[in-house]
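One letter stands for each residue in the lines below.
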Amino acid sequence: MIAFADLLERLLFTPGRNAKIALLRRYFSTQPDPDRGYGLAAVTGELSFAAAKPGLIRDLAAARTDPVLFGWSYDYVGDLAETVALMWPGGGGATPPAMSEVVEALHAAPKSDLPGIVAAWLDASDASVRIALLKLITGGLRVGASARLAKIALSEMAEGRIAPDEIEEVWHGLTPPYAALFAWIEGRGDKPDPEDAPVFRPPMLAHPLEASDLAGLDVAAFRAEWKWDGIRVQLVATKGGRRIYSRGADDVSAAFPEILDAMKFEGVLDGELLVIRDGVVAPFADLQQRLNRKTPGAGMLKDFPAGVRLYDILFDGAEDLRPLPFDERRLRLEQWYARVHPARMDLSDLVAFDALTDLSTIREGARAAAIEGLMLKRADSPYVPGRPKGLWWKWKRDPLTIDAVVMYAQRGHGKRSSYYSDYTFGLWRDDGAGNEELVPVGKAYSGITDQELAFLDRWVRNHTTARFGPVREVEKSLVLEIAFDAAQLSTRHKSGVALRFPRIARLRTDKPAAEADRLDTLLRHVATTPAEAAQ
Amino acid sequence: MTPHPESWLCVRPEGLFCRPGAFYVDPLRPVERAVVTHAHSDHARPGHGAVLASPETLALMRARMGEDRAGESQQALGWGAAITIGEVRVWLQPAGHVLGSAQVAMEWRGSRAVVSGDYKRRPDPTCAAFVPIPCDVFVTEATFGLPVFCHPSDAHEIDRLLASLSLFPERTHVIGCYSIGKCQRLIALLRRAGWNAPIFLHGALAAPCREYERLGVPLGDLRPATVADGESLKGAVVLAPPSAITERWARRLADPVVSLASGWMRVRQRAKSRGVELPLVISDHADWQELNDTIDEVGAPEVWVTHGNEEALIHAVGQRGIVGRALRLVGYGEEQDDVATTDR
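Residues numbered from 1 in each chain as written. Chains lettered and ligands numbered in written order. Predicted model: local features only at pLDDT ≥ 70, side-chain atom pairs only at ≥ 80, totals over all residues. Heavy atoms only, no water.

## Quick notes on the sheet that holds strand β11 (residues 392-396) of chain A
Residue and element names in this part refer to chain A.
Piece 1. Taking strand neighbours across the sheet as the criterion, the four strands line up as β1-β11-β10-β2 in an open arrangement whose pairing is mixed. Each edge of the open sheet is held by one strand with a lone partner, namely β1 (207-208) and β2 (222-228).
Piece 2. Examined bridge by bridge, β2 and strand β10 (residues 371-378) share seven bridges and lie antiparallel to one another. Along β10, the bridge assignment pairs W226 with L374.
Piece 3. Against the sheet, helix α17 (residues 326-340) engages β2, β10 and β11, with an angle of about 55 degrees to β2.
Piece 4. Contacts from helix α18 (residues 356-365) reach β2, β10 and β11, with the element oriented near 50 degrees to β11. (Pairing = 2+ DSSP bridges. Helix = DSSP H or I, 4+ residues; strand = E, 2+ residues; numbered from the N terminus. Contact = heavy atoms within 4.5 Å. Axes fitted to C-alpha atoms, helices over the stretch in contact; angles between N-to-C directions.)

Structure (C-alpha cells):
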C-alpha cells in the first residue's frame, strides 16, 4: 500500500504528462502481482466496493476523534477522507496492509467486520497511506491521470512491442488484478482473448482540413457527411453484454439507459450521441445536461431524450467489417439498419455534391444548431484506428467572430501557472438605466502565440483593478477578437448566451473598448435553425 | 494574594501591553517601549522608541529594516538574564522558532506570565531549543491549531527532497521558504544530509543568510541564483521567497520542480492550489500535538492565544480544565498568510 500511496501523491502533484507516465511505469514495473493489478484498477476507475462507503469513515472518525475538532478540521481541509487521514490519532510504526489485502478484504469481508478492519489498517499506516486507503474506500481517487495514460505506461513497459491501442482492444474484456495482461506486457504470456466480452475498439479519427490541404484534394474520391455537434460514441453489443463507450474508451452506458435498452442486436457501431426531440437535434447545451449526470432521473430522460446518429459499422455480429472500404461498410450499415431498425437510432445521411465548389457552399450553409461542418471520408478507406493521414477529414465551417473586451483574467495550469492566460471577455449592452455595461459572454485561453501570451500577462498585471483569490479584474480597455463555432441560448449564463469553442483570434490593441461589439450582435448569431432544415 | 495577570497584562490597539512595566510585547504599531520576540516582519515592526530583544533578533532586525528603523535605542538581553522594567522583572528564554527567537517571561508581584511568540519544539541546527518556563498564564500562538497538523520529521522531508533530486537530476529544484529562519534551516538540514553542492539564492534571501553566518551559523557555498547561468542550475537547489516560486522570477529556471517548505503543505489542496509539485512539510511552528504538550508542560492554569486557529486549541485545553482565551491580535501570522494566499 505504501507504493500505491506514494504513486497517488506523486500523480496528484505532478503536472507533466510524461512525468506521470514515468511514475505509472515505475509503479507497474516495481510492484508485484497482484498488488500492481489492483493499483491499475484503482487508477483506471475499475474498483468499487459495495459495502465500504463514506458513512463508514464518518463513523470511524466519530469514534476516534472529538466531534468539535473534527468539524473544524473538516471545514478547514474540505475533504472527508483527507481530514480523517490527517487527524487519525497515532498511526504508523507497524506494517501497513498490502494493496491486494485491502482490495480483497473490502470485497469479501462482511459489512459488520469492516469498521474494525479499516480501523486496524489506519492504525498501522502513516498519513499518506491513510489518505490512499480512505480514498479507495470512498471511491474518490481523482488520481490526476487518465486511464489512457495508464495504458500508455503499460505500452512503454512492453518496450514498444504492444501499442496502447492493442491494450485498449482487450481492456474491457479483462478484470482486476490483470495477471494475464501483465504476463502479455512482460512477454511471458499470449495476448489475452476477450472472447465475447463487449470490448472497446479504438476509433478512426479525422484530420482537420486546412486551406492548404484543399488544393490537392481529389474530392471525387470522397464521401461527405454532416459533422454533428454531439459526442462520438461506440455502441458495442455482444453475447457478453452491451456497452456505450466514449471516444476515449470511457464506459458511459449507465448515463444513457434508453440507448442501452435499444441495443437489441449484435454488432459494433460508430455514431454521434445527440439529444433528439421529434427528429430534431437539440443544441449541445442540451446534451451537456445529460453528460453531467452519471445516472439520469425520469425527468431528465423525458426532457433530454438521447439518440444516436449512426455513421459507421465496425462489426456485424461477429464479422469484422473494418478492413472493408468505406463504401462497402456504408452499404452494410444501410442494410443492417433496414434489417434491425433499432429504436432511438437513425443514419447520418450522406451529403450529395458534385464538385468542390458545391461542397464549399454546402459547408458555409451549415449553420444549424447541431452541425459543425462537414466530414469527408475516402470512399475506399478501411476503418483504421488512430488518425491516419489523408483518409478522413473534418472540415469545420469558418468560425464566427466578435470583438470583446477583457474583463477578468486567471492564472493557467502547468507550464502556464505563472501566466495570466485565461481571459473572461464581455460585450456591451444597455444596463436598463440608459447606460452601457459590459456583460461577460465567455472565457478563452487558446489561440495565442507565446509572444501574445507574454504581452497579455504583462498587460493584466499592469491593469489590475481588483483581486478575487486567483482571479484579477482588469481595466476594461483591451479588445480581443474572439472566434467561436456557434452561439447558443443558455439560461445558465448571465448574458443568456453560450459560445461553442471560443478562442482568441487576434489582439485588437488598435480598437478602443467602446467600439467592441454589443450583445445584440452576438444574439443575431444564435443558431435557431432546426438541424433537419440544414439537410 | 498574587494579582491575576489580567489585571496587569492587557490588549490595546497597539498590541499586548504590560501596564506596570509600561511596555508592549511585539507591538503592531510604533510605540515608546517594545520587547520583541523575534525578527519576522509581523512581530518586529519598525519605528519603535526603545527595543529590548535577544542580540540575534536585534541584529536580524537591523539587517532586515535598516539600522535607523529597528528602534531609536536598542537593548540586547542574553538568555536567562533578568532585568527590571518599571515594576516588572523581565527575562528571555529561547523559543526555538528562528535564530534569536525568544519567549518573554514577566513577573509582577509574584504573578508570572510568559509570551511565547512563535515557537517550535523540534531540534533546529540554526537556533537554540525552546525552554519551557512554568507560569500562571501562557500566551501561545496557534498557527497550526487543528489536529490535522502533525508535522513529519525533518529528516523524512529532506529525504524526499533528496530522492526527487536524484530522480530528476536535470531539473532545478526551486524551494519556496521564508527569508529568515526557514531558508537557513533548510540549508543547514541539507548540509547535514551531505548536500555539499552550491545552493543558489533569490536576491531577497542573501542578506539574512549573510547575517546568520556572521552570527555563527555556517551555511556553506551559497551563490546568487539571478546571475547563475541555466546550465549550472540544472539539478541544483534554488531557494526563493514563497511568492517568487510561481512568479515570473522562476521562469528563468530549467524545467523546475516547484517545492514549498511549510507546515501548510500537510493539506494537499493547499499545495495543489499553489502549483507545488513537491510539497515539503517543514515548519518553524509547533504542530497540534506540540502545542498541547507545551501547554501541559508549562503547567499554566490559563492560556491566552494570540493568533491562528484559536477556537480549536481553546476547546481542546478546556477539556483538560485549562482556561483558554482568544486575544484576537490582528496582524500576526501574515508571514504564514503569504503561503495561504496565491499572490502577494
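## Points about the state of the cysteines
All names here are of chain B.
Piece 1. For the coordinates displayed, the defined rule picks out zero disulfides over all chains.
Piece 2. C18 carries a free sulfur, and the closest cysteine sulfur to it, the one in C10, is 8.9 Å from it.
Piece 3. Cysteine C183 is unpaired, with the sulfur of C209 as its nearest cysteine sulfur at 3.6 Å. (Disulfide = S-S within 2.5 Å.)

## Section: unusual backbone geometry
Residues and elements named next belong to chain A.
Piece 1. D33 connects to P34 through a cis peptide bond whose omega is -5 degrees.
Piece 2. Structurally, P34 can be placed in the loop between α2 (17-30) and α3 (35-43).
Piece 3. Cis peptide bonds are those with omega within 30 degrees of zero, and the linkage from P176 to P177 qualifies with 5 degrees.
Piece 4. The residue P177 is located in the loop between α11 (164-171) and α12 (179-185) in this model.
Piece 5. One non-glycine residue, R344, adopts positive backbone phi at about 60 degrees.
Piece 6. Structurally, R344 is set in the loop between α17 and β9 (345-347).
Piece 7. We note that F501 has phi near 50 degrees; this positive angle belongs to a residue other than glycine.
Piece 8. The topology assignment puts F501 in the loop between β19 (497-500) and β20 (503-508).

## Observations concerning the interface of chain A and chain B
Piece 1. Taken together, the 34 residues of chain A in the interface contact 29 residues of chain B.
Piece 2. Buried surface at the junction of chain A and chain B, both sides included, amounts to about 2,900 Å², of which 55% is carbon and sulfur.
Piece 3. Of all residues in chain A, F13, Y76 and L86 of chain A give up the largest surface area on contact with chain B, accounting jointly for 25% of the area buried on that side.
Piece 4. Where chain A touches chain B, the interface holds two salt bridges.
Piece 5. The salt bridge partner of R268 of chain B is E9 of chain A, with a shortest N-O separation of 3.2 Å.
Piece 6. Connecting chain A to chain B are seven residue pairs in polar contact (both at pLDDT 80 or more). (Buried area = accessible area lost by both parts, 1.4 Å probe. Salt bridge = Lys/Arg side-chain N within 4 Å of Asp/Glu carboxyl O. Polar contact = N/O pair within 3.5 Å; in protein donor to acceptor, adjacent residues only side chain to side chain.)

## Considering the domain arrangement of chain A
Piece 1. Splitting chain A by domain gives domain 1 (2-138), domain 2 (207-396) and domain 3 (400-523).
Piece 2. Here the C-alpha centroids of domain 1 of chain A and domain 2 of chain A sit 41 Å apart. (Domains from an automatic or database assignment.)

## A closer look at the domain arrangement of chain B
Residue and element names in this part refer to chain B.
Piece 1. The domains assigned to chain B are domain 1 (5-148 + 284-340) and domain 2 (154-280).
Piece 2. Taken together, the 23 residues of domain 1 in the interface contact 25 residues of domain 2.
Piece 3. Each partner contributes to the roughly 2,100 Å² buried at the junction of domain 1 and domain 2, and carbon and sulfur atoms together form 66% of this total.
Piece 4. Of the charged contacts in the structure, one is a salt bridge between R185 and D284, with a shortest N-O distance of 2.6 Å.
Piece 5. Sorting the residues of the side of domain 1 that touches domain 2 by element identifies α1 (55-65) and α9 (334-340) as the ones contributing at least two each.

## As for the packing of helix α7 (residues 288-298) of chain B against helix α8 (residues 310-318) of chain B
All names here are of chain B.
Piece 1. Direction vectors running N to C along α7 and α8 enclose 45 degrees, while the axes themselves pass 11 Å from each other. By the angle between their axes, α7 is oblique relative to α8. When you trace α7 past α8, the crossing you get is right-handed. When α7 is examined against α8, the residues W288, L291, N292 and I295 are found in contact with a partner set consisting of A312, L313, A316 and V317.
Piece 2. The class makeup of the residues in the contact of α7 with α8 is seven nonpolar, one polar and no charged. (Parallel < 35°, antiparallel > 145°, perpendicular 65-115°, else oblique. Left-handed = near helix turned anticlockwise from the far one by under 90°. Nonpolar A, V, L, I, M, F, W, Y, C, P; charged D, E, K, R; others polar.)

## With respect to helix α8 (residues 114-124) of chain A
Piece 1. By the burial criterion, the buried members of α8 of chain A are L114, V118, A119, W121, L122 and A124 of chain A.
Piece 2. Buried-residue contacts for α8 of chain A involve α4 (54-64), α7 (99-108) and α9 (127-138) of chain A. (Buried < 20%, exposed > 50% of the residue type's maximum accessible area, 1.4 Å probe, protein only.)

## A few points about empty space enclosed by the protein
Residue and element names in this part refer to chain B.
Piece 1. With the rule as written, the count across this model stands at seven cavities of 30 Å³ or more.
Piece 2. Roughly 80 Å³ of internal volume is contained in the largest cavity.
Piece 3. For the largest cavity, the full set of lining residues is L16, V25, D26, H43, V115, G117, D118, T306, H307, L329 and Y332.
Piece 4. Looking at the lining of the largest cavity, its residues break down into five nonpolar, four polar and two charged. (1 Å grid on protein atoms, 1.4 Å probe; cavity = no way out; pocket = protein on both sides within 12 Å on 5 of 7 lines; lining within 4 Å. Points joined across faces, edges and corners; volume = space filled by probe spheres on them.)

## Focus on the packing of helix α5 (residues 67-77) of chain A against helix α6 (residues 80-87) of chain A
All names here are of chain A.
Piece 1. At a minimum axis separation of 9 Å, α5 and α6 run at an interaxial angle of 125 degrees. On the basis of the axis angle, α5 is oblique to α6. The way α5 lies across α6 gives a crossing that is right-handed. Where α5 approaches α6, its residues L69, F70, S73, Y74 and V77 are matched on the opposing element by L80, E82, T83, V84, L86 and M87.
Piece 2. Residue classes in the contact of α5 with α6 are distributed as eight nonpolar, two polar and one charged.

## Structural notes on the layout of surface pockets
Residue and element names in this part refer to chain A.
Piece 1. Considering only enclosed or pocket space, the largest pocket measures out at about 1,300 Å³ in volume.
Piece 2. Lining the largest pocket we find 47 residues, and of these T44, G45, D250, D251 and K294 sit closest to its centre.
Piece 3. Only α3, α9, α10 (147-157) and β4 (241-246) provide two or more residues apiece to the lining of the largest pocket.
Piece 4. Residue assignment places the lining of the largest pocket across two domains, with domain 1 (2-138) and domain 2 (207-396) each supplying three or more.

## Examining the packing of aromatic side chains
Two aromatic rings are characterised by how far apart their centres lie and by the angle between their planes.
Piece 1. Applying the stated criterion across every chain, the model contains 17 aromatic pairs over all chains.
Piece 2. Their ring planes at 45 degrees and their centres at 4.6 Å tell us that F17 of chain B and Y24 of chain B sit as a pair that is tilted. Y24 of chain B carries the same exposure label as F17 of chain B, and that label is buried.
Piece 3. Taken together, F4, Y27, F28 and F182 of chain A form an aromatic cluster joined through their ring pairs.
Piece 4. For K377 of chain A, the ring lying beneath its charged end belongs to W392 of chain A, and the centroid distance is 4.2 Å.
Piece 5. Of note, R171 of chain B hangs over the ring of F168 of chain B, and the distance from its end group to the ring centre comes to 4.8 Å. (Phe/Tyr/Trp six-rings, centres within 6.5 Å; stacked < 30°, edge-to-face > 60°. Lys NZ or Arg CZ within 6 Å of the ring centre and 35° of its normal.)

## A closer look at the side chain of R363 of chain A
Residue and element names in this part refer to chain A.
Piece 1. Within the secondary structure, R363 is located in helix α18.
Piece 2. Taking the relative accessible area as the measure of exposure, R363 reaches 9% and is therefore buried.
Piece 3. At 2.8 Å, the side chain of R363 forms a polar contact with the backbone oxygen of K396.
Piece 4. Once residues lying within four places of it in the same chain are set aside, the contact partners of R363 are L374, W395, K396, R397 and D398.

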